[in-house]
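Residues per chain, in single letters:
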Amino acid sequence: VSPWSTCEVASSAVVLVSIGTTVLYAAFNKNLLGFAGSSAAEVSWVLNADTIVYATMLIPAGGIADKFGRKKIFMLGVLFFLVASLACGLATSVIWLICARVLQAVGAALLSPASLSLILEAFPQSKRAVAVSSWGAVGELAAALGPGLGSFIIDTVGWQWAFYINIPVGLICMWRGITVLKESVNPRD
């Protein structure tokens, strides 16, 4: 299996995280209108909960992946992210949506450092800079496209689809991850 296949799987998961983080930025007012009786402060937690939990979990998630297996934790993170995306789209209250976003952030935090570790493990030292640069560029491009994509999706089919769009990409990522990725752990653990 080519190391670029590993990079492709890891990068597709990072696309999920990057778009998932930014897709609602332009949709704040649409979300507010979708939940009658919810204040702007309550709805702001749909964005804040994701950001806070993701940032808080990144360092511990990297250690968890090193200890228990990078492929295993990566795949678990993608699964959490997918289940949470479905739960977000099905949310009937702002509290439900916030809780689902917390789960989505946990999944994102689990898969992010594991994806980078999988890439580092797959490539020889001489090719790592190019591979990591590619992985980072894909994530940044997805983050830049997220708000515009979110506005388009929300205006055409509704805010729920900002989450449902993750499901086909995530399922492909899961399938490719099962078939392509190799397990690795930190040899010092």
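Residues numbered from 1 in each chain as written. Predicted model: local features only at pLDDT ≥ 70, side-chain atom pairs only at ≥ 80, totals over all residues. Heavy atoms only, no water.

Undergrad: Describe in detail the confidence of the model for the chain, supporting the description with residues and values.
TA: In the predicted model, the chain carries a mean pLDDT of 90, and the fraction of residues at 70 or more is 95%. Per-element mean pLDDT across the chain ranges from 61 in helix 2 (residues 28-34) up to 96 in helix 4 (residues 70-90). (pLDDT = per-residue confidence, 0-100. Helix = DSSP H or I, 4+ residues; strand = E, 2+ residues; numbered from the N terminus.)

Undergrad: So what about the environment of Q104? Which residues, and what values?
TA: Structurally, Q104 is set in helix 5 (residues 94-122). In the structure, Q104 is positioned 17 residues away from A87 in sequence and 9.2 Å away in space, judged by C-alpha atoms. Those residues within four positions of Q104 in sequence are excluded, and the remaining contacts are F81, A84, S85, C88, F163 and N166. (Contact = heavy atoms within 4.5 Å.)

Undergrad: Describe the side chain of S115, with residues and values.
TA: Along the chain, S115 turns up in helix 5. At a separation of 2.7 Å, a polar atom in the side chain of S115 contacts the main-chain carbonyl oxygen of S112. (Polar contact = N/O pair within 3.5 Å; in protein donor to acceptor, adjacent residues only side chain to side chain.)

Undergrad: Pulling in residues and values, what's your account of the packing of aromatic side chains?
TA: The final tally for this structure, using the stated rule, is three aromatic pairs. Between W4 and F123, the aromatic rings sit 4.8 Å apart at their centres with planes inclined by 75 degrees, giving edge-to-face as the arrangement. Here F123 lies in the loop between helix 5 and helix 6 (128-157) and W4 lies in helix 1 (residues 3-22), a separation of 119 residues in the sequence. Residue class for W4 comes out partly exposed when judged on its relative accessible area of 41%. Assessed through its relative accessible area of 3%, F123 is described here as buried. Seen in terms of ring centroids, W159 and F163 are 6.2 Å apart; in terms of plane orientation they differ by 85 degrees. Their pairing is edge-to-face. Summarising the burial analysis for this pair, W159 and F163 share the class buried. (Phe/Tyr/Trp six-rings, centres within 6.5 Å; stacked < 30°, edge-to-face > 60°. Buried < 20%, exposed > 50% of the residue type's maximum accessible area, 1.4 Å probe, protein only.)

Undergrad: Which residues make up the packing of helix 4 against helix 5, and what values go with them?
TA: Between helix 4 and helix 5, the least distance of the axes is 7 Å, while the angle of their chain directions is 155 degrees. Put simply, helix 4 runs roughly antiparallel to helix 5. As helix 4 runs across helix 5, the sense of the crossing is left-handed. For the contact of helix 4 with helix 5, the per-class residue count stands at 21 nonpolar, six polar and four charged. (Axes fitted to C-alpha atoms, helices over the stretch in contact; angles between N-to-C directions. Parallel < 35°, antiparallel > 145°, perpendicular 65-115°, else oblique. Left-handed = near helix turned anticlockwise from the far one by under 90°. Nonpolar A, V, L, I, M, F, W, Y, C, P; charged D, E, K, R; others polar.)

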